[in-house]
Amino acid sequence: MYGTRAVIHLDRLKRNFERIRKRIGNRLICMPVKADAYGHGASPLAAAGILNGADFLAVARVQEGAELRRAGIAARILLLSPPVPEELGALAAYRLTPLISDRDLAGAINAAAEKAGIILPAHIKIDTGMGRIGCRPEEAADLACCIHSLKSLKYEGTATHLARADSPAPEAVEATKIQIARFKSALEVIRRAGANPGIVHAANSGAVLLHEDAYFDMVRPGILLYGYPPSEELADSPEPIMELETTVVFIKNVKKGEALSYGGTWIAPKDTAVGTLPIGYGDGLPRQISGAMRVIIRGISYPLAGRICMDQCMVDLGSADLVKRWDKVTVFGGEGSLTAADIALQAHTIPYEITCNINKRVPRVYVS
Ligand SMILES: *Cc1c(COP(=O)(O)O)cnc(C)c1O
């Protein structure tokens, strides 16, 4: 029997790619594999993504891009977040494609590329309302011309990021339309200045579902590929590709009135059997869902009993004696079980954070 592990279903990834492909036609797909592919494992997911038609990969840190290159991945890799000066040598050496928001960074990256003796493709990032990184729309033409003029950079693409594309609420749709309009006028100004904006991209998962006018030349859906809609309000049905499982390592009988786990918050309402599972918040299972968490064993759903500990948690198995030691336990993402989205709801967060937080103590196993 296996202990705690995350089974990553690559067949489901393939179908999630197909669902997106149906919507976007023959546009390019950039697959975000930042944060260890949202917790799924960056290199294996990047390799699987390329097999399924990803044209670009995207990371947030130079280190993440370097890891992909060292794993032998040759595809184009967008660096979504700004690098720090110490990382510029590696950025060039590993041939990452930066998103550039200002002239200073353009100059510094150009210098690093020149030093490495290469010409680095670069995209410009325009802030149309996210307020995170990016030049202002009115500065875009100037930045485009700057990059165009730098000898060791090649102006290859133009991007923006949408802040509210995952919501169908009228005010969010309106805000997204304003962002798209600002982006389009910046593209127009770039063209009028005589530069070619190249590969134009804006759409995250929310926009792939709700904003066809944000598709442009390439889309960047992350969470949809990993199998969750980007917000609760969107009931599209991608398939969660991570199945978190564990096993029962210990079973004991507990008498009515006995308390268990830290704080003694759970008191047996009747005589029952309690199983112990080798998974806890030290693996990334959020502690605050203790009271709401259920797991599946042999097709039946059982509630957790008491607080989730760092390395273990307990499950109330009732008196029916249906569960055996070493039985497989599905925590989320399996047949009949909770999903990371259900857990996120209880933990007041988003499924992104649930899968990202399943940490490196949990082995990933890839199946197709
Ligand atoms: C993470 C990220 C994405 C993907 O977002 P999802 O909501 O997972 O689709 C797209 N673009 C940028 C710039 C990002 O940082």
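The rules behind each value
Residues numbered from 1 in each chain as written. Predicted model: local features only at pLDDT ≥ 70, side-chain atom pairs only at ≥ 80, totals over all residues. Heavy atoms only, no water. Domains from an automatic or database assignment. Contact = heavy atoms within 4.5 Å. Buried area = accessible area lost by both parts, 1.4 Å probe. Salt bridge = Lys/Arg side-chain N within 4 Å of Asp/Glu carboxyl O. Polar contact = N/O pair within 3.5 Å; in protein donor to acceptor, adjacent residues only side chain to side chain. Buried < 20%, exposed > 50% of the residue type's maximum accessible area, 1.4 Å probe, protein only. Helix = DSSP H or I, 4+ residues; strand = E, 2+ residues; numbered from the N terminus. Core = buried A, V, L, I, M, F, W, Y, C linked by side-chain atoms within 4.5 Å. Near = heavy atom within 4 Å. Areas by Shrake-Rupley, 256 points an atom, 1.4 Å probe, with all protein chains shown as cover. Nonpolar A, V, L, I, M, F, W, Y, C, P; charged D, E, K, R; others polar. Pairing = 2+ DSSP bridges.

Observations concerning the domain arrangement of the chain
Working step 1: Split by domain assignment, the chain resolves into domain 1 (10-226) and domain 2 (242-367).
Working step 2: Just the C-alpha atoms count here: the centres of domain 1 and domain 2 sit 38 Å apart.
Working step 3: On the side of domain 2, nine residues touch domain 1, which itself brings 11 residues to the contact.
Working step 4: Summing the contributions of domain 1 and of domain 2, the shared interface buries around 930 Å²; its carbon and sulfur component is 57%.
Working step 5: Taken as a group, Y38, H40 and I223 account for 45% of the area that domain 1 buries against domain 2, more than any other trio of residues on that side.
Working step 6: For the pair domain 1 and domain 2, the number of links is zero salt bridges.
Working step 7: Our count for the domain 1 to domain 2 interface comes out at six residue pairs in polar contact (both at pLDDT 80 or more).

Some remarks on helix α7 (residues 140-149)
Working step 1: Of the residues making up α7, those classed as buried are A140, A141, L143, A144, C146 and I147.
Working step 2: Summarising the contacts, the buried residues of α7 are in contact with β5 (97-100), α6 (103-116), β6 (120-125), β7 (153-159) and α8 (170-192).

Quick word on the environment of P168
Working step 1: Looking at where P168 falls in the secondary structure, it is placed in the loop between β7 and α8.
Working step 2: By relative accessible area, which is 38% here, P168 ends up partly exposed.
Working step 3: On a C-alpha basis, the gap between P168 and L209 in space is 9.8 Å, while along the polypeptide they are 41 residues apart.
Working step 4: With residues near it in sequence (within four places) discarded, P168 still touches V173, L210, E233 and L234.

Brief notes about the pattern of salt bridges
Working step 1: Counted according to the given criterion, the structure contains 14 salt bridges.
Working step 2: Across the pair R5 and E245 runs a salt bridge whose closest N-O atoms are separated by 2.8 Å. On the criterion of sequence distance, the pair formed by R5 in strand β1 (residues 5-9) and E245 in strand β10 (residues 242-247) is long-range, its members being 240 residues apart.
Working step 3: Each of R5, E243, E245 and K328 takes part in salt bridges that share partners, so that together they form one network.

Things to note about the side chain of T276
Working step 1: When you line up the elements, T276 lands in strand β14 (residues 272-277).
Working step 2: The buried category is assigned to T276, whose relative accessible area is 6%.
Working step 3: Setting aside residues up to four positions removed in sequence, T276 forms contacts with T247, V248, V249, F250, K252, Q312, C313 and M314.

Thoughts on the nonpolar core
Working step 1: In this structure, M31 and F332 are the most contacted members of the largest nonpolar core, which totals 102 residues.
Working step 2: Shared between two domains, this core holds at least three residues of each, these being domain 1 (10-226) and domain 2 (242-367).
Working step 3: When neighbours within four sequence positions are excluded, M31 is seen to be in contact with L13, F17, L45, G49, A54, F56, L57, A58, L225 and Y226.
Working step 4: In terms of nonpolar packing, the next biggest core, distinct from the first, is built from nine residues, A58, L78, L99 and A159 among them.

A short note on the site of the ligand
Working step 1: Taken together, 13 residues are adjacent to the ligand, and K34, Y38, S205, I223 and Y352 come closest.
Working step 2: Interatomic distance of 3.4 Å between a side-chain N/O atom of H161 and a nitrogen atom of the ligand.
Working step 3: Interatomic distance of 2.6 Å between a side-chain N/O atom of S205 and an oxygen atom of the ligand.
Working step 4: Considering the ligand on its own, with 390 Å² of exposed area, one finds that the protein chains cover 91% of that surface.
Working step 5: Across the shell around the ligand, the residue classes break down as six nonpolar, four polar and three charged.

As for the pairing of strand β18 (residues 328-332)
Working step 1: Along β18, four of the five residues are buried, which leaves the element largely enclosed by surrounding structure.
Working step 2: Across four bridges, the pairing between β10 and β18 is antiparallel. Paired with T246 across the bridge in β18 is V329.
Working step 3: Pairing analysis gives two bridges linking strand β15 (residues 294-297) to β18, with the strands arranged antiparallel. Paired with I297 across the strands is V329, a residue of β18.

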